[in-house]
Amino acid sequence: MKRLFVLLFSFLTISAFAEAPVEGGKFNAGEMITHHIADDYNWHFADGATVYLPVILIDNGTVNTFSSHHFYDENHETVPYNGYVIEHGHIYRANAEGEPVADQSGLYDLSITKNVASMFISVLLLFGIFFTIAGRYKKNPGKAPSGIQSFFEPIIIFVRDDIAKANIGPKYERYMPFLLTVFFFIWFNNLLGLMPGGANLTGNIAVTLVLASLTLLITVFSGNKNYWKHIFATPGVPGWLAPIMIPVELIGILTKPFSLMVRLFANITAGHIIILSLFSLIFIFQSVAVGPLSVAFATFMNFLELFVALLQAYIFTLLSAMYFGGAVEEHHHEEEHAHGEAHH
Amino acid sequence: MELVTPGVGLVFWQVVTFLIVLFLLAKFAWTPIMKALSDREASIENALSAAERAKLEIQGLKAENEKLLAEARLERDKILKEATEAGNSIVETAKQKANEEGARMIAQAREAIETEKRAAVADMKNTAAVLAVDIAERILRKELNDKQAQQALAQEYIKEVTLN
């Protein structure tokens, strides 16, 4: 496992910032940063060290699969291929002149992009690490953990005791697989994104959208009578307020996962933007003297981002657990009110 | 706007991959890990309560031992006391017997001495009488050779008789 990490790291350490696009000697920081945090059809580690990823297009039911290499010429400029063209990071149907045509209906782009490839790497890591750990538990039942097992065991117990048990209550067990998977998926991908050359997967709105949607679906489908009663007939609210309260509560169902989606996306993307901006300063001022300062700040930011990577995984998992807890909570509010009354 | 528009491809791959990861990890990682953890916690819990029980048991045994020890001590004291008493009485009796025997022997000895003494006195008296008679005879034989002396003696005797 250790060897795998080292291999992966050495593979990704090839200078990430070597591709700062310099057009006619003029450096455009905004363009460079947008390019870095966006998805791409190839994985560019350095000039000459580019991995061209497969393009998968579904065009009115027919599947077209080819390497994204065909879209780039020797100068790394995009060129039309096979009736398709890349424009602003997307693939469109093209006419004979290589211009996108108006009618794009029925064209779905399911390419293995940089983010998808990065996600596959994280999945391999997740499988490698957690199947190994599960194997250790099976091999030494009842024994003290050792090695990688003892690193992850406290984290798993933390997710179980302080996130799931504390917020969901006695029914926590059925949510454990989702919470653990989400926690480690987000954490691992946050960390992979911080590696030089890493993709900005958890800072992509599509990824956070899917994760938040899963939280929403699980919350809605595990909602008990009490949960729905609170939405459609909030206790203690007079009946004539229902026309206002019901829409507000229904919107509330959506805003909770929406906040999850935006929080993770914004935090990770912002971190990437800050670090990239700090490096851009060197090129904007075109001075070596700015270098040490930029590097110092970027190093500090990187440490902060390492913390944010863990923190955001924790927050996403914690809030998901709280929403699940709210959905399965048993009816006990009346008793609490009664107790409150008794005290006054 | 580009940044906040989710791409269809990534959504698709994310859903597919995440669900597969969720399923596989749940089946082959989380379930065995959670089970192993709760099993281990249960076994630790059991071990602790067993230790607690053993401690109580040992305490019970200790108390019992102490009770037995105290009983044994009492028994010992009692036996010792009895033995001392028995010893004392034996010594007392022996002493008494010895005293009695001693007294009896002294009495016997005294009696024997008395008898001996009496015999010796009697013997001495006899011897003295014989000696006196013998001496008197010799004196008389010598004295009575002279008339005058006989006269004087007789005179003496008479004087004594009258004075008595």
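All values derive from a computational prediction rather than experimental measurement.

(A) A look at the overall build of chain B. Across its full length, chain B carries two helices and zero strands. Once the C-alpha set of chain B is aligned to its principal axes, its extents read approximately 200 × 30 × 25 Å. Taken across its 164 residues, chain B has 8% of its residues classed as buried.

(B) Summary view of the overall build of chain A. Secondary structure assignment for chain A yields ten helices and nine strands. Across the 344 residues in chain A, those meeting the buried criterion constitute 31%. Long-range pairs, those at least 24 residues apart, make up 65% of the contacts in chain A with a sequence separation of at least 6.

(C) Examining the interface of chain B and chain A more closely. Taken residue by residue, the interface counts 30 residues in chain B and 35 residues in chain A. Its residues placed into classes, the side of chain B that touches chain A shows 22 nonpolar, five polar and three charged.

(D) The nonpolar core, seen in detail. Ranked by internal contacts, the top residues of the largest apolar core, which has 70 residues, are Ala 164, Tyr 175, Leu 179 and Phe 183 of chain A together with Ile 33 of chain B. Per-element tally for this core: the top contributor is helix H5 (residues 176-194) of chain A, with twelve residues. Each of domain 1 (54-111) and domain 2 (115-332) of chain A accounts for three or more of the residues forming this core. Apart from the residues within four sequence positions on either side, Ala 164 of chain A is in contact with Val 159, Tyr 172, Tyr 175, Met 176, Leu 179 and Ala 321 of chain A. With six residues, the next largest nonpolar core counts Ile 275, Leu 276, Leu 278 and Ile 282 of chain A among its residues.

(E) Local environment of the confidence of the model for chain A. Residues and elements named next belong to chain A. Looking at chain A as a whole, its pLDDT mean stands at 84, while 89% of the residues score no less than 70. The low-confidence segment residues 6-23 (pLDDT under 50) makes 29 contacts with residues lying over four places distant or belonging to another chain. Across residues 335-344 the pLDDT falls below 50, and counting only partners more than four positions away or on other chains, this stretch makes zero contacts in the model.

(F) Quick look at the environment of Glu 77 of chain A. When you line up the elements, Glu 77 of chain A lands in the loop between strand E6 (62-67) and strand E7 (84-87). Along the backbone, Glu 77 of chain A and Ala 46 of chain A are 31 residues apart, and their C-alpha atoms lie at a distance of 15 Å.

(G) Expanded view of helix H8 (residues 242-285) of chain A. All names here are of chain A. End to end, H8 covers 60 Å across 44 residues, agreeing with the expected 64 Å (1.5 Å per residue, within 8%). Bending of H8 peaks at approximately 30 degrees at the position of Phe 279. Remark: Gln 286 follows H8 within two positions and exhibits a positive phi of approximately 50 degrees.

(H) Here's a closer look at the sheet that holds strand E5 (residues 54-59) of chain A. Residue and element names in this part refer to chain A. The strand order across the open sheet built from three strands is E6-E5-E9, with neighbouring strands paired in antiparallel fashion. Each of the sheet's edge strands pairs with one partner strand only, and the pair in question is E6 and strand E9 (107-109). The average undirected angle you get between the axes of adjacent strands in this sheet is 20 degrees. In the sheet, E5 pairs with E6 via six bridges, with the strands oriented antiparallel. The partner of Leu 57 across the bridge, within E6, is Asn 64.

(I) Summary view of the pairing of E6 of chain A. In terms of residue burial, E6 of chain A counts as a barely covered element, since only zero of its six residues are buried. Connecting the antiparallel pair E5 of chain A and E6 of chain A is a turn made up of two residues, with Asn 60 of chain A showing a positive phi of about 50 degrees.

(J) Representation of the domain arrangement of chain A. Annotation of chain A at the domain level lists domain 1 (54-111) and domain 2 (115-332). Put simply, the middle of domain 1 of chain A and the middle of domain 2 of chain A, counted by C-alpha atoms, are 34 Å apart.

(K) Seen up close, helix H9 (residues 290-328) of chain A. Residues and elements named next belong to chain A. With 39 residues, H9 extends 55 Å between its outermost C-alpha atoms, agreeing within 8% with the 57 Å of an ideal straight helix rising 1.5 Å per residue. Burial in H9 covers these residues: Glu 305, Ala 309, Gln 312, Ala 313, Phe 316, Thr 317, Ser 320, Ala 321, Tyr 323, Phe 324 and Ala 327. On its buried side, H9 packs onto helix H4 (148-168), H5, helix H6 (205-222), helix H7 (225-232) and H8.

(L) The arrangement of the pairing of strand E4 (residues 49-52) of chain A in detail. Residues and elements named next belong to chain A. Judged from the four bridges that link them, strand E3 (residues 42-46) and E4 form a sheet pairing that is antiparallel. Looking across to E4, one finds that His 44 is bridged to Thr 50. The loop that links E3 with its antiparallel partner E4 comprises two residues; one of these, Gly 48, has a positive phi angle of about 90 degrees.

(M) Layout of unusual backbone geometry. Residues and elements named next belong to chain A. Here the phi dihedral of Asn 60 falls at roughly 50 degrees; this positive angle occurs in a residue that is not glycine. Along the chain, Asn 60 turns up in the loop between E5 and E6. With 8 C-beta atoms counted inside 10 Å, the residue Asn 60 sits in the exposed group. We note that Gln 286 has phi near 50 degrees; this positive angle belongs to a residue other than glycine. Along the chain, the position of Gln 286 falls in the loop between H8 and H9. Taking the C-beta count within 10 Å as the criterion, Gln 286 has 9 such neighbours and is therefore assigned exposed.

(N) Focus on the packing of H6 of chain A against H9 of chain A. All names here are of chain A. As a packed pair, H6 and H9 sit with axes 8 Å apart at the nearest point and diverge in direction by 15 degrees. By the criterion of interaxial angle, the relationship of H6 to H9 is roughly parallel. In this structure, the crossing between H6 and H9 has a hand that is right-handed. Every residue of H9 that contacts H6 at Thr 215, Ile 218, Thr 219 and Ser 222 is listed here: Ser 320, Tyr 323, Phe 324, Ala 327 and Val 328. Residue composition of the contact of H6 with H9, grouped by class: five nonpolar, four polar and no charged.

Reading the values: the criteria
Every chain's residues receive numbers from 1 upward, in the order its sequence appears when written. Working convention: letters from A go to chains and numbers from 1 go to ligands, in the order in which they are written. Only residues with pLDDT of at least 70 get local features here, since the model is predicted, and only at 80 or more are side-chain atom pairs given and counted; chain-wide, interface and lining totals rely on the full set of residues. Each helix is a run of DSSP H or I of at least 4 residues and each strand a run of E of at least 2, with the numbering of both proceeding from the N terminus. Buried residues are those with 20 or more other C-beta atoms within 10 Å of their own C-beta, exposed residues have 12 or fewer, and partly exposed residues lie in between; C-beta atoms are placed from the backbone. By the convention adopted here, residues make contact when the C-beta atoms placed from their backbones lie within 7 Å. Polar here means any residue outside two lists: the nonpolar Ala, Val, Leu, Ile, Met, Phe, Trp, Tyr, Cys and Pro, and the charged Asp, Glu, Lys and Arg; Gly therefore counts as polar. Structurally, a nonpolar core is described as a collection of buried Ala, Val, Leu, Ile, Met, Phe, Trp, Tyr and Cys residues joined by way of C-beta atoms within 7 Å. An automatic or database domain assignment is the source of the domain bounds shown. Looking at any residue, its pLDDT shows the predictor's confidence there, from 0 to 100. Here the expected span of a helix is defined as 1.5 Å times the quantity of residues minus one. Throughout, bend refers to the angle between the axes fitted to the seven residues that end at a position and the seven residues that start at it. Two strands qualify as a pair provided DSSP detects at least 2 bridges between them. Here, axes are lines fitted to C-alpha atoms. For helices the fit covers the stretch in contact, and angles between N-to-C directions go from 0 to 180 degrees. In these notes the angle categories are as follows: under 35 degrees is roughly parallel, over 145 is roughly antiparallel, 65 to 115 is roughly perpendicular, and the rest is oblique. Should the near helix be turned counterclockwise from the far one by less than a right angle, the crossing is left-handed, whereas a clockwise turn marks it as right-handed.

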